[in-house]
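For reference, the chains in residue letters:
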Amino acid sequence: GATAYNRGQVLYRVAEMLEGRRDQFVAEVAEADGLSPATAAATVDTTVDRWVWYAGWSDKIAQVHGSSNPVAGPYFDFSVPEPTGVVAVVAPAGSSLLGLVSVVAPVIVGGNTCVVVASEAGPLPAITLSEVLATSDLPGGVVNLLTGRAAEITPWLASHMDVNAIDLTGVDDDELAADLEREAAGNLKRVVRAPRAAPDWSADPGVERMLALLETKTVWHPVGI
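### Examining the side chain of Asn112
Mapped onto the elements of the fold, Asn112 is located in the loop between α5 (98-108) and β4 (113-117). Looking at Asn112, its side chain comes within polar contact range of the main-chain nitrogen of Thr84, at 2.7 Å. A distance of 3.1 Å separates a polar atom in the side chain of Asn112 from the backbone oxygen of Leu213. Beyond its immediate stretch of four places on either side in the chain, Asn112 contacts Pro83, Thr84, Gly85, Val87, Val107, Val142, Leu213 and Leu214.

Right under this line is the structure:
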């Protein structure tokens, strides 16, 4: 329900709060992902930058991916992106913080809310991130972080009628992914499929993940009224 500009402010505040706990995140990421201290520090710094990058998109998505459409008649015709609603997200197992942020930030920057299954192998950075989110002006209920076994939690999310989309990025079991897609099809849920290979989370994220969780609304309005 926040304005696009306000969403950007909140995401930027998350980046500030995360940077304020940098040393704690470096230690937790190093342990969870099996990284050296230097690599973990670089990962945390990239995570902070990732929040800032998405914060900048909050009030620009509609400008770049909306349009004023030419029509044959005395009408204004506009297409604008709108949030899908509640999005279930399976966070990647091998990137407990950067990968997690890279799948959560594009969901909420467009105005969606999300239910996130954190990395089963390394959940501690996600738990600490939940503390950051709770103190970053993010409204309650926008990001709901769950820890546990993805194979037990995700079928309920895929079949839930109040979940509007599901991101299977963190599902590395092909059989489970296929089952979840079938469950999602039962209630016409939008699905972001799991990638065939582990993504490079340090690379430029692009806008595809944001747009995959937005819908386009087209509005007609008579000219002169």
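The rest of the description comes next.
### Topic: the sheet that holds strand β2 (residues 75-83)
Overall, antiparallel pairing links the 3 strands, which are arranged β1-β2-β8 in an open sheet. Looking at which strands have only one partner, the edges of the open sheet turn out to be β1 (67-68) and β8 (214-222). Across 9 bridges, the pairing between β2 and β8 is antiparallel. Within the sheet, the bridge partner assigned to Glu82 lies in β8 and is Glu215.

### Structural notes on the pattern of salt bridges
The tally for this structure, following the rule as stated, stands at 10 salt bridges. Among the ionic pairs, Lys217 bridges to Glu82, the shortest N-O distance being 2.7 Å. With Lys217 in strand β8 and Glu82 in strand β2, the pair connects residues that are 135 residues apart, well separated along the chain. Overall, Lys217 belongs to the partly exposed group, its relative accessible area being 38%. As a salt-bridge pair, Asp167 and Arg209 come within 2.7 Å of each other at their nearest N and O atoms. Remark: Arg209 occurs in helix α9 (residues 208-212) and Asp167 occurs in strand β6 (residues 165-167); sequence separation between them is 42 residues. We classify Asp167 as buried; its relative accessible area is 0%.

Reading guide: rules and limits
Residues numbered from 1 in each chain as written. Predicted model: local features only at pLDDT ≥ 70, side-chain atom pairs only at ≥ 80, totals over all residues. Heavy atoms only, no water. Helix = DSSP H or I, 4+ residues; strand = E, 2+ residues; numbered from the N terminus. Polar contact = N/O pair within 3.5 Å; in protein donor to acceptor, adjacent residues only side chain to side chain. Contact = heavy atoms within 4.5 Å. Pairing = 2+ DSSP bridges. Salt bridge = Lys/Arg side-chain N within 4 Å of Asp/Glu carboxyl O. Buried < 20%, exposed > 50% of the residue type's maximum accessible area, 1.4 Å probe, protein only.

By themselves, these figures tell us nothing about what the structure is for.
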